[in-house]
Every structure is written in structure tokens, then in C-alpha cells.
Amino acid sequence: MIKIKVDTHTHTNVSAHAFSTLEENLAAAAKIGLEGIAMTNHGPDLGDGAVWFHFKSARHLPRWINGVRLFPGAEVDIMDTDGRLDIEDKYLKDLEIVIASFHTPCFKENSPACDVTKAWLNVMENENVDILGHMGDGRYMCDYEAVVKKAKEKGKIIEINNHSFKVRAGSRENCRTIAQLCKKYSVPVVLSTDAHFSAEVGVVPNSIALLEDINFPEELILNTSLKKLCDYLNIEV
Ligand SMILES: [Zn+2]
Ligand SMILES: [Zn+2]
């Protein structure tokens, strides 16, 4: 049975569409026995994201709060096919977990797959990006094999986002395809919640069921232990 120990994708109420404070998320994490969480708020161009100052300052937060390791991070928006992001690299470089994702209105929904693929490939040239966020979103279909192969080459991590199964059409089938490609090419994944409310933190039954169903190798799941994740990201526990 797969069990995650770090939730790599959580939001706080710096966005109006998220409903818990950082402390509430940390308390929820401690309560269910997580070893860590990443605070990955949306970038400014989403419209309801955090301002650049939030990301500049997040690095000053304590790394351990009530026995839970806090990773200051961001969920940056991919803005165009060149892979431009909505937070500057000078701030991203000081964050520990950076997820890049497609969201409306930053990148047009149902864009041609070649444009989405090109954007992913260019995003992966950015050394500050660690994780490709909710890649199975049916509104941003792409050449999954090309993207997964480049993730292997660049050491990027693919996210199997539990929230997607609920809110992003097509995710179940697409994530299955993506996970199978990750298995084929030995690309590491993380299972995350994308929690916008504290009760969601650390709870990833859909992602677990999918990976168990395809006998996904546990050694490729990085967030089953704090140490494993930190070792891969080359940061201190
Ligand atoms: Zn959100
Ligand atoms: Zn998110």
C-alpha cells in the first residue's frame, strides 16, 4: 500500500479561492502523520494568485514548524510556448519546490497539442522548475511521450495530482497514460493533493489507486519519505 509522507502541492488563503492558513495546513499535516508539506501558492498572473513579494519572502519561513518540514514553494503559471513563467527566476531560485502548471487565463485552454508540448519542453529548460503540475488536464493535451522523455533527460518530476480526478476532465485516462510512460522511462513522480482547504492536505486516494492499478514501482514515487524527496531535490532535510 502506497503512503505519502510529504504533500508537495498545497495552497493557502493568500488566494481567495483557497480557504486555510499555512498554520491550519501544517496542523492538518501533523495530525495525519505527514513529515512535510510544500506551500505552493499560485503565481500572480492567474488573477487570484499571490504577489511576487509573497514568493520573495517565503524563503525566510522556518523549515520546521511543530514537527512538520515546510518547503517554501510556488505553483507558477506557464504563460506561452516559450515556457515563460509568471514569477521571475530571481525569486524561484530561493524556493525549494517549484511546480509549473497550465491554467486559464494564462495559457489558452484546448490549445493545439503541439503548442502545449512545446511549452512543456521549454519550461523544462528552466533549472528552477522541479515538478510538472497536473499534466493530465484534458484541456491541455500534449505529446505525453515527448514530455516524459525530456523530463527524464532534465531530471524533472511528474505530478499525479489527486485533485485533477475531481475537477479536470479527462485526467483519469490521461494520468494513467502518463504514469505508464513514467514507469516505462523510469521518471520519478510525486502524488499530491493540490489542497485548497486544510482537510484535503495529504489525502491522495485517487492517485494511489491509479498507481497501484498499474503496478507502478514504489522506488519512483519520491514523496513516500521526506529523505527520499530531499535527496532527489538535493536539499537539506
Ligand atoms: Zn487554485
Ligand atoms: Zn495548485
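Shown above is the structure to which this text applies.
Computed from a predicted structure; not experimentally measured. (Residues numbered from 1 in each chain as written. Chains lettered and ligands numbered in written order. Predicted model: local features only at pLDDT ≥ 70, side-chain atom pairs only at ≥ 80, totals over all residues. Heavy atoms only, no water.)

A. Main features of the overall build of the protein chain. Within the protein chain, the secondary structure is distributed over nine helices and eight strands. A globule of 237 residues ought to have a C-alpha radius of gyration of about 18 Å, and the protein chain, at 16 Å, matches this closely. Judged by the C-alpha coordinates and their principal axes, the protein chain covers about 45 × 40 × 30 Å. Relative to its 237 residues, the protein chain shows a buried fraction of 57%. A total accessible area of about 9900 Å² is found for the protein chain, and carbon and sulfur atoms account for 52% of it. Mean positive and mean negative side-chain charge positions of the protein chain (26 and 34 charges, respectively) differ by 3 Å. (Helix = DSSP H or I, 4+ residues; strand = E, 2+ residues; numbered from the N terminus. Rg over C-alpha atoms; globule rule 2.2 N^0.38 Å. Buried < 20%, exposed > 50% of the residue type's maximum accessible area, 1.4 Å probe, protein only. Areas by Shrake-Rupley, 256 points an atom, 1.4 Å probe, with all protein chains shown as cover. Lys, Arg positive; Asp, Glu negative; His and termini not counted. Charge placed at Lys NZ, Arg CZ, Asp CG, Glu CD.)

B. Geometry of a nonpolar patch on the surface. Residues V51, W52 and F53 make up a contiguous nonpolar surface patch of about 330 Å² in total accessible area. Position of W52 relative to the elements: it lies in helix 2 (residues 52-58). (Patch = residues over 30% accessible without salt bridge, like charges linked within 9 Å, V, L, I, M, F, W, Y side chains within 5 Å. Salt bridge = Lys/Arg side-chain N within 4 Å of Asp/Glu carboxyl O.)

C. Broad picture of the packing of helix 5 (residues 144-154) against helix 7 (residues 171-185). The geometry of helix 5 relative to helix 7 is characterised by a closest axis approach of 10 Å and an angle of 40° between their N-to-C directions. Between helix 5 and helix 7, the angle falls in the class oblique. The interaxial crossing formed by helix 5 with helix 7 has right-handed handedness. Here Y144, E145, V148, K149 and K152 of helix 5 lie close against helix 7, whose contacting residues are N174, T177, I178, L181, C182, K184 and Y185. Along the lines of polarity and charge, the residues of the contact of helix 5 with helix 7 split into six nonpolar, two polar and four charged. (Axes fitted to C-alpha atoms, helices over the stretch in contact; angles between N-to-C directions. Parallel < 35°, antiparallel > 145°, perpendicular 65-115°, else oblique. Left-handed = near helix turned anticlockwise from the far one by under 90°. Contact = heavy atoms within 4.5 Å. Nonpolar A, V, L, I, M, F, W, Y, C, P; charged D, E, K, R; others polar.)

D. Seen up close, the coordination of the zinc ion (ligand 2). Looking at the zinc ion (ligand 2), the protein donor atoms are H9 (NE2), H11 (NE2), E75 (OE) and D194 (OD), and they sit 2.0 to 2.2 Å from it. Taken together, the four donor atoms coordinating the zinc ion (ligand 2) and their angles of 85 to 177° define a geometry best described as irregular. The sequence pattern describing where the donors of the zinc ion (ligand 2) fall on their chain is H-x1-H-x63-E-x118-D. Between the zinc ion (ligand 2) and the zinc ion (ligand 1), a spacing of 4.7 Å is present. Of this pair, H11 sits in the loop between strand 1 (6-10) and helix 1 (22-31) while D194 is found in the loop between strand 8 (189-192) and helix 8 (205-213), placing the two residues 183 residues apart along the sequence. When sorted by exposure, H11 lands in the same class as D194, which is buried. (Donors = N, O, S within 2.8 Å, 3.2 Å for Na, K, Ca; no water. Tetrahedral: all angles 85-135°; square planar, octahedral: opposite > 155°, others 65-115°.)

Fair warning: the whole summary comes from geometry, so function is off the table for now.
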